[in-house]
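# Structural overview
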Amino acid sequence: MKKILIIIASLLILASCQQPNVEEVTRKSRQKCQSIESGHYEMTHLKKWLSGPNTTETRYTCDFKKIPDDTIFGKYFAMSSESSDWIGYNLYTGKESVSYNDSTGTIMPCDKWAELIIGGRHNRTFYTPLTSKSCYPLLSEEDFADSTLTYSLSETRLNGKTCYLVDYFWTNLEPDTIFDMQTIRYEVNLWIAKNDYIPIQYSIAFDVVEQGDTMYQYDELRLTGFKEEADMSRIDLQAIPSHVILKDYEPYQAPEPLKEGEAVPQWTLESIEGDSISLSDLKGKIVLLDFFYQGCAPCCAALPGLQKLHEKYADKGFAMIGINPYDTKEEMTEFLNKRGITYTVLLSDGSLPEEYRVEGYPNLFLIDREGKLIKLFEGFWKNMDEEIEAELLKLL
């Protein structure tokens, strides 16, 4: 009996010694993913943006072949993406990049538009552990030396498979002093199939404090099917349906901005309190119009400085007006209350930004007492409110 107990104890010790750690599981998973040269997968992507309360769902189907020498994507691919209200297709052959829907599309030859294609890579959503050279978000051995990183390993089951659950946490991250943002949690969870070390799901979540408002963003990407064999016939221009009309890419030509010294377009809009306000109602005041929306980090960064201008000069003939062409009244009310914004904010559709030739956000128009544009401020930068104030003082 004593010998049996000793044997059992030895086996338990051996089993515990053979239990892998986070670094080993991550390394084996990276090696497996990097060994995959091509494949076909179906994926579901759930996303909740920082600026919105709702979670969207998009389904992807992708055939890919890794091309190490390719400097644009590092792979050729054919991918479809579908949500509740749209479906689109992307094709990259190494010679051209094509985006299309069921009727029309745009083709971009790589020898002409490589830089622009690279600039738009972030708009493509891939299952990156399988398709990217870095295998993100699988960490490298160097990553584990990061002093802000903590991690853990456990076992679980997902979709009928036994998995390693790898959790990474980053803490004590440096704040973004320009945009007044602090990430207080950044977490990655990976479900790695125990039988072959392929990550079958991963999620990325983080909490951000922005001007006193805590916001949360979440991504979950889940493989619903995968095989190590791509349908190469899909990664070809001939695979595009014949009824789809392809046009050569033409760069967008931004309109000329409004000219200083000329009258700005008139408008009548509804405030978030339900009042109707017209630009003509403000005649005789110096007006600063701020085109913004809540999902724009530079827009949000500008708000405290604009609020200070409102508090300082509202009783001196100055009217601070925000114009939001994207968010709802309910979303704006909560958003502004959290940030202590008390100046007038109006809701607009997309037609007014077009009339004002707004090309980016935030976009601010300083208007004199007669309704003429004095100065245009595009974007956000540190001490922007001080520059606006200097121009404002010339007019008051």
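Structure shown above.
So, how was this worked out
- Residues numbered from 1 in each chain as written.
- Predicted model: local features only at pLDDT ≥ 70, side-chain atom pairs only at ≥ 80, totals over all residues.
- Heavy atoms only, no water.
- Patch = residues over 30% accessible without salt bridge, like charges linked within 9 Å, V, L, I, M, F, W, Y side chains within 5 Å.
- Areas by Shrake-Rupley, 256 points an atom, 1.4 Å probe, with all protein chains shown as cover.
- Salt bridge = Lys/Arg side-chain N within 4 Å of Asp/Glu carboxyl O.
- Lys, Arg positive; Asp, Glu negative; His and termini not counted.
- Charge placed at Lys NZ, Arg CZ, Asp CG, Glu CD.
- Helix = DSSP H or I, 4+ residues; strand = E, 2+ residues; numbered from the N terminus.
- Disulfide = S-S within 2.5 Å.
- Buried < 20%, exposed > 50% of the residue type's maximum accessible area, 1.4 Å probe, protein only.
- Phe/Tyr/Trp six-rings, centres within 6.5 Å; stacked < 30°, edge-to-face > 60°.
- Expected span 1.5 Å × (residues − 1).
- Arc of directions from axis to C-beta.
- Contact = heavy atoms within 4.5 Å.

## A look at a negative patch on the surface
Among the surface-exposed residues, Glu-141, Glu-142, Asp-143 and Asp-146 lie close enough to one another that they form a single negatively charged patch. Within the secondary structure layout, Glu-142 lies in the loop between helix H4 (128-131) and strand S7 (149-158).

## Comments concerning the state of the cysteines
Inspection of the entire model under this criterion finds 1 disulfide. Each sulfur of the disulfide joining Cys-296 and Cys-299 lies 2.5 Å from the other. The S-S bond linking Cys-296 to Cys-299 shows a torsion near 80°; that makes this disulfide right-handed. When sorted by exposure, Cys-296 lands in the same class as Cys-299, which is buried. This cysteine, Cys-62, is not joined by any disulfide, and Cys-33 carries the nearest cysteine sulfur, 14 Å off. Cysteine Cys-163 shares no disulfide, and the gap to the nearest cysteine sulfur, in Cys-33, comes to 13 Å.

## With respect to the packing of aromatic side chains
Throughout the structure, instances matching the rule amount to 25 aromatic pairs. Where Tyr-216 meets Tyr-218, the ring centres are 6.3 Å apart and the plane angle is 20°; that geometry is what we call stacked. Assessed through its relative accessible area of 32%, Tyr-216 is described here as partly exposed. Here Tyr-356 and Phe-365 contribute two aromatic rings whose centre-to-centre distance is 5.1 Å and whose plane-to-plane angle is 80°, an arrangement assigned as edge-to-face.

## Structural notes on helix H8 (residues 384-395)
With 12 residues, H8 should reach 16 Å at 1.5 Å per residue; the first-to-last C-alpha distance of 17 Å fits that figure. Within the span of H8, buried status applies to Met-384, Ile-388, Glu-389, Glu-391 and Leu-392. The buried residues of H8 all sit within an arc of 165° when viewed along its axis, so they share a single face. The elements touched by buried residues of H8 are strand S15 (286-291), helix H5 (297-313), strand S16 (318-324), strand S18 (363-367) and strand S19 (373-378).

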